[in-house]
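# Residue-level structure breakdown
These are the residues of each chain, in order.
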Amino acid sequence: MRNLLGTVKWLLIGLVLAGWFALSLANRQLSTVFVVVPGILEYQSVPLPVLLILPLVVAFCVFWVVGMLDQVDHFFRARELKKRIRDLEHEVDQLRNLPIRDGAFEETPAEEAGRPC
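Residues numbered from 1 in each chain as written. Predicted model: local features only at pLDDT ≥ 70, side-chain atom pairs only at ≥ 80, totals over all residues. Heavy atoms only, no water.

## Focus: the overall build of the chain
Cut-off, in case you're wondering: Runs of H or I in DSSP of at least four residues are treated as helices and runs of E of at least two as strands, each being numbered from the N terminus. Think of it in three bands: residues with accessible area under 20% of the maximum for their type are buried, residues over 50% are exposed, and the middle band is partly exposed, with areas taken using a 1.4 Å probe on protein chains only. Two residues qualify as a contact provided that any one of their heavy atoms is within 4.5 Å of a heavy atom in the partner residue. Using a 1.4 Å probe, the Shrake-Rupley method yields the accessible areas, and only the shown protein chains count as cover for residues.
For the chain, the helix and strand inventory stands at 3 helices and 2 strands. Across the chain, helices and strands are ordered from the amino to the carboxyl terminus as α-β-β-α-α. Classification of the 117 residues of the chain by burial places 6% in the buried group. In the chain, the proportion of contacts linking residues at least 24 apart, taken out of those at least 6 apart, comes to 33%. Roughly 10600 Å² of accessible area belongs to the chain as shown, and the carbon and sulfur atoms make up 66% of that amount.

Structure, rendered in structure tokens:
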């Protein structure tokens, strides 16, 4: 299920990128004013495709960072589970090495009295 969701996610990202690219190509002759900080930082003649791609690049970077943070959480959880499995395997090995008690195979009191079981 996780692989299917990953495939769907990358398919959607690819479709969005293709849509933005097509929109940029359709408007490549247009230019506009790009205002970063009003009155302080303004660019007068910026091609429209650059303005269309900029939010996409920012969103992609943000989602990439969020995805990496999710993977770090997954990595630590997997590491913790591997340690727990290793500890349980070690405990099972120790239990296998314990000798069998001799009292477990002794005759029961009913057998000693001569009564049928």
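## A short note on a nonpolar patch on the surface
To keep it simple, the criterion reads: Nonpolar side chains (Val, Leu, Ile, Met, Phe, Trp, Tyr) within 5 Å and like charges within 9 Å form the patches, drawn only from residues with over 30% relative accessible area and no salt bridge. Salt bridge, as applied in this entry: a Lys or Arg side-chain nitrogen positioned within 4 Å of an Asp or Glu carboxyl oxygen.
Taken together, the side chains of W10, F60, W64, V65, M68 and L69 present a nonpolar region at the surface, about 650 Å² in accessible area. Looking at the nonpolar patch element by element, the count peaks at 5 residues for helix α2 (residues 48–97). Exposure remark for M68: the relative accessible area of 37% places this residue in the partly exposed category.

## Considering the pattern of salt bridges
Across all of its chains, the model carries 2 salt bridges by this definition. Between K83 and D87 there is a salt bridge, with its nearest N and O atoms 3.2 Å apart. In this pair, K83 and D87 both sit in helix α2, 4 residues apart, roughly one turn of the helix. The class for K83 is partly exposed, based on a relative accessible area of 45%. In this structure, R96 and D93 form a salt bridge, with 3.6 Å as the shortest nitrogen-oxygen distance. Highlighted residues: R96 and D93, both in helix α2, separated by 3 residues, approximately one helical turn. By relative accessible area, R96 is classed as exposed at 64%. A relative accessible area of 40% means that D93 is categorised as partly exposed.

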